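Below, each chain spelled out in residue letters.
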Amino acid sequence: MKRSEAGDLRAENVGERVKLQGWVHRRRPHGAVTFLNLRDRSGIVQVVLRPDQFPEASAALEAVRLEWVIEVEGDVAARAPDAVNPDMETGAVEVIAVTAQVLSPADPLPFGPEVPEEDVTEETRLRHRYLDLRRPELQRNLMLRDRITLEIRNFFHDNGFVHVETPILTRSTPEGARDYLVPSRVTRGGFYALPQSPQLFKQLLMVAGLDRYVQIARCFRDEDLRANRQPEFTQVDVEMSFPTEEDIFDVIERLFARVFPLVGIEPRLPFPRLPWAEAMARYGSDRPDRRFRLEIVDLTEILGASAFRAFRQTVEEGGSIRAIRVPGAAEASRRQVDDWAATARRRGAAGVLTLRRRAGDLVFQVKDVLEAGELTRCAEGLGLEDGDLALLVAAPVSTVAAALGDLRLDVGRQQGLIDDSRQEFLWVTEFPLVEWDAAEERWNSCNHPFTAPLTEDLGRLDTSPGSVRARAYDVVLNGVELGGGSIRIHDSDLQRRVFHLLGMSDEEARSRFGFLLDALRYGAPPHGGIALGLDRLVMLMAGATSLRDVIAFPKTTSATCLMTNAPSSVDRRQLAELGISLTEGREKI
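All values derive from a computational prediction rather than experimental measurement.

What follows covers the packing of aromatic side chains. For any two aromatic rings, the description comes down to two numbers: the centre-to-centre distance and the angle of the planes. Following the criterion strictly, the structure yields 17 aromatic pairs and no others. Each ring, one from Phe156 and one from Phe161, has its centre 4.9 Å from the other, and the planes form 80°; the classification is edge-to-face. On the basis of an interplanar angle of 45° and a centroid distance of 5.9 Å, the ring pair of Phe256 and Phe425 is categorised as tilted. Highlighted residues: Phe256 in helix α6 (residues 245–259) and Phe425 in strand β17 (residues 425–429), separated in sequence by 169 residues. For Phe256, a relative accessible area of 1% puts it in the buried group.

Have a look at this one:
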């Protein structure tokens, strides 16, 4: 008899004989009758054991306990009206067990699928991840991930993209993070690297004339982890030949318009475009959350020549004075202001200064240092109304942006200003091409070294590299970066110039990227693309709070798998075959 799905049974199935296989989710003896809730991936249905009618079925399941795996054949019956369970999708029916058997008993579990998440330590859940995955919410997340991935594949297929698998074992070409290295047994002293992204291969596919490429790609980065970072992750990798930025924006917007409705979100097209410099000036972030206003206001012109030494000196040293308005917070306590100041200090600022408007009067935190006209112009610039508070930060430009960007989010959350029902998509464009690393005394790529500069900025590449804008872009949702990409360099001479700018000699560039430079000399089309973080995309669509909730077998923040105890030591014979010896005291790696 073919197996039926427990969660699919409804009133229209009454009278049918079904075969169920799954886990005992709950067991409730009730006089001569025993009720079992049987669970499989599709859901839960109630099974009734009636020893007076079907004694063999009841005897077969007499010893079962929670999470035993059982098989039941029985008849679907309607529940009595007073026994209908409106909280279960199958609550109008039950299955009367005719025959039954135990398929697999279970030892007492460290925790069951109904135990609240907060009642079990994260370490215990990850160590027994196969039990954690029995939770219905995690199974729903993984099934949603499957639906999203399928829809993505279908969208790109419908739009003429070819799915190509690029190598997992490749050469080390660090792109900002450390590579995971794989020693070669055949080539002594040689190492493969696991790809941080398929970046170079997808560019080569454009040189090969494939025109439109996509891959659901596994990527690996050996970097210090954060709550929403994993050492191995999945990205939707896309590349196109002959595109403008708008061509790529159009493809991704139409992709989102097809995928996000799976969870009831209807994106409004086209998404707004915001240059990076404007995003930093208005929001203090290159991934701004635009579900609420609280934009940053520049007060440098008003206060830069102030008698207040702290302001004047900041501006003389090239810094700026900026502020945000906190509506209705004029009576904020000193403790609250201290908390906001601590947020600013975490981003390198000295703290915050306050300007309050009470009963029409303007009160600056430091008395008698600002003129009445300066205070009035500040209030006008900020739109400060009666009962409002302004938080001011004076510091180097990048520090001010970072501090007020974080403060803006803190205030938005604390004051209830963020409308969670809104979905604000955004393109951030024209990122800087390079940034100066003072410690290393060199220029570093802000994206990666294959990103093309804006044509109108090329003349400054050698004389003022920090002012050159890149043809790079990120797509953002509610303050979360969903993905990023760029138009690539397709000219070998320009690629060499960028390598030189980054401190690479011709010899080093040839050693690391000679295959790319050669390819660019043989008729490379203009090309560009984007990579979307599939894990993060699913997390947002599922309403989950952590990437671990949408990944089947995640790692911890120390990049370990508690379930398999990886990474682990290996046999010395394996090391010998690879020509590897461990330093003393490091036998276990």
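It is worth spelling out the side chain of Glu94 at this point. Residue position: Glu94 is located in strand β5 (residues 93–104). Separated by 2.8 Å, the side chains of Glu94 and Gln46 make a polar contact. Beyond its immediate sequence surroundings of up to four residues, Glu94 is in contact with Phe35, Gln46, Val48, Asp75, Val76, Ala77 and Arg79.

Right, let's talk about the state of the cysteines for a bit. Counted by the stated rule, this structure contains zero disulfides. Of the cysteine sulfurs around Cys219, a residue in no disulfide, the closest is that of Cys561, at 20 Å. By relative accessible area, Cys219 is classed as buried at 0%. Look at Cys561 and you get buried, because its relative accessible area is 10%.

Looking now at the pairing of strand β9 (residues 212–220). Sheet topology places strand β6 (residues 162–163) next to β9; two bridges connect them, and they run parallel. Following the sheet pairing, Val162 is matched in β9 by Tyr213. Direction of pairing for β9 relative to strand β10 (residues 232–241): antiparallel, over a ladder of nine bridges. If you follow Phe220 over to β10, its bridge partner there is Glu232.

Criteria and cut-off values
Residues numbered from 1 in each chain as written. Predicted model: local features only at pLDDT ≥ 70, side-chain atom pairs only at ≥ 80, totals over all residues. Heavy atoms only, no water. Phe/Tyr/Trp six-rings, centres within 6.5 Å; stacked < 30°, edge-to-face > 60°. Helix = DSSP H or I, 4+ residues; strand = E, 2+ residues; numbered from the N terminus. Buried < 20%, exposed > 50% of the residue type's maximum accessible area, 1.4 Å probe, protein only. Polar contact = N/O pair within 3.5 Å; in protein donor to acceptor, adjacent residues only side chain to side chain. Contact = heavy atoms within 4.5 Å. Disulfide = S-S within 2.5 Å. Pairing = 2+ DSSP bridges.

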